[in-house]
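Each chain, written out:
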Amino acid sequence: MQNLILASSSPRRKELLENLHLTFAISSSEVDESFDPKLSPEEVVMELADRKARKVFQDHQDAFVIGSDTVVVANNQILGKPSDEAEAISMLQTLSGKQHEVYTGVSIVSKGNSTKFFEKTEVWFWELTDDLIRSYVKSSEPLDKAGAYGIQQLGSMLVKKIHGDYFAVVGLPVSRTIRELRRLGYQLPY
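Along each chain, the written sequence defines residue order, and numbers are assigned to residues from 1. At least 70 in pLDDT is required for a residue's local features to be given in this predicted model, at least 80 for side-chain atom pairs to be given and counted, and no such filter applies to totals for whole chains, interfaces and linings, which use all residues. With hydrogens and water excluded, all non-hydrogen atoms of the structure serve as input to the side-chain values.

**Q** Explain the side chain of Ser110 to me, and be specific about the residues and the numbers.
**A** Going along the chain from the N terminus, every DSSP run of H or I of four or more residues is numbered as a helix, and every run of E of two or more is numbered as a strand. One can find Ser110 in strand S5 (residues 99-110). Here's how the labels work: a residue is buried when its accessible area is under 20% of the maximum for its type, exposed when over 50%, partly exposed in between, all with a 1.4 Å probe on protein chains only. Relative accessible area serves as the criterion here: at 7%, Ser110 is assigned to the buried category. Contact between two residues is taken to exist if any of their heavy atoms lie within 4.5 Å; hydrogens are not considered. Non-local contacts of Ser110, meaning those with residues more than four positions away in its chain, are made with Phe57, Ala63 and Phe64.

**Q** Could you give me a rundown of unusual backbone geometry, with the residues and numbers involved?
**A** Of note in this structure, Asn75 is not a glycine but carries a positive phi near 55 degrees. Positionally, Asn75 belongs in the loop between strand S3 (63-74) and strand S4 (77-79). At Asn76, a position not held by glycine, the phi torsion is positive, near 60 degrees. Position of Asn76 relative to the elements: it lies in the loop between S3 and S4.

**Q** Describe in detail the pattern of salt bridges, supporting the description with residues and values.
**A** Whenever Lys or Arg places a side-chain nitrogen within 4 Å of a carboxyl oxygen from Asp or Glu, that contact is recorded as a salt bridge. Counted by the stated rule, this structure contains 11 salt bridges. Its salt-bridge partner being Arg51, residue Glu47 comes within 3.1 Å of it at the nearest N-O pair. Placement of the pair is Glu47 and Arg51 together in helix H2 (residues 41-57), with a separation of four residues, close to one helical turn. On the accessibility criterion, Arg51 (26% relative accessible area) is partly exposed. Residues Arg134 and Asp131 are paired through a salt bridge, measuring 2.8 Å at the closest nitrogen-oxygen approach. Of this pair, Arg134 and Asp131 are both found in helix H4 (residues 130-138), three residues apart, which corresponds to roughly one turn of the helix. One connected set of salt bridges, linked through shared partners, spans Glu119, Arg176, Glu180 and Arg183.

**Q** Explain the pairing of S5 residue by residue, including any values.
**A** Most of S5 sits out of view: 11 of its 12 residues are buried. Pairing analysis gives nine bridges linking S3 to S5, with the strands arranged antiparallel. Residue pairing for S5: Val73 is matched across the bridge by Glu101. Taken together, the 12 bridges between S5 and strand S6 (residues 113-125) define a ladder with antiparallel strand orientation. Following DSSP output, two strands are said to pair if at least two bridges run between them.

**Q** I'd like to hear about the nonpolar core, residue by residue, with values.
**A** Ranked by size, the top nonpolar core spans 40 residues in total, and within it Leu4, Ile66, Leu92, Phe125, Tyr149 and Leu181 carry the most contacts. Setting aside anything within four residues of it in sequence, one finds Ile66 in contact with Leu4, Ile5, Leu6, Ala7, Leu17, Ala53, Val106, Ser107, Ile108, Leu172, Thr177 and Leu181. Within this scheme, the nonpolar core is defined by two criteria: the residues are buried Ala, Val, Leu, Ile, Met, Phe, Trp, Tyr or Cys, and they are joined through side-chain atoms within 4.5 Å. Ranked by size, the runner-up nonpolar core spans eight residues in total, among them Ala53, Ala63, Val65 and Val109.

**Q** Tell me about the packing of helix H3 (residues 85-95) against H4, and name the residues and values.
**A** Each axis is a line fitted through C-alpha atoms, and for a helix only the stretch in contact is used; angles between axes span 0 to 180 degrees, taken between their N-to-C directions. Interaxial distance between H3 and H4 falls to 10 Å at its minimum, and their mutual angle equals 135 degrees. Taken together, H3 and H4 sit at an angle that is classed as oblique. Between H3 and H4 the crossing geometry is right-handed. Judged by residue contacts, Glu85, Ala88, Ile89, Leu92 and Gln93 of H3 engage Asp130, Ile133, Arg134, Tyr136, Val137 and Lys138 from H4. Residue composition of the contact of H3 with H4, by class: six nonpolar, one polar and four charged. Working rule for angles: under 35 degrees goes down as roughly parallel, over 145 as roughly antiparallel, 65 to 115 as roughly perpendicular, anything else as oblique. By convention, the crossing between two helices is left-handed when the near helix turns anticlockwise from the far helix through less than a right angle, and right-handed when the turn is clockwise. In this classification, Asp, Glu, Lys and Arg are treated as charged, Ala, Val, Leu, Ile, Met, Phe, Trp, Tyr, Cys and Pro as nonpolar, and every other residue, Gly included, as polar.

**Q** Any chance you could break down helix H1 (residues 11-18) for me, citing the residues and the numbers?
**A** Buried within H1 we find Arg12, Arg13, Leu16 and Leu17. Take H1 and look down its axis: the buried residues cluster within an arc of 135 degrees, on one side only. Among the structural elements, strand S1 (3-6), S3, helix H5 (166-170) and helix H6 (174-183) are those in contact with the buried residues of H1. Here, the arc refers to the directions that run from the helix axis to the C-beta atoms.

Put into structure tokens, the structure is as follows:
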């Protein structure tokens, strides 16, 4: 039996892997999430995902370790997780009525093999009222999410349409991740 480890404490990523009926462990990795501002969004998410996966792999070298990171990009600026309610409100005001991109990077590390990739999804928001934004922020949902919203929960009411991989916006492009695991030699149950 091959070991599979998700290097993330994200309940959304955990749920996405559980939906695939995979047996896996979770080992959250605390890594420095600062990055060189000269890097492109795709380079940032792949670098951060790789740091997470490699940190966990140090202690689990018999496993396939999946690291992932997601950022939102609006007006050529990377929006990570808001630090407080005021920053969440500001981010949502920036996204209101506009199109933005969500980048999710994935790194899979195993003994002798590794890969990094990213998915980019375009997301359009409805025009949001200040009351709606404040109400949404008061729910606390936006505070632990890149760009201050979660597409799979209450934040779904903000989204007008998307073009790309929905699951990448949630936090893990599952279809591509499964294909890459298989390519690296992980034996899937199906």
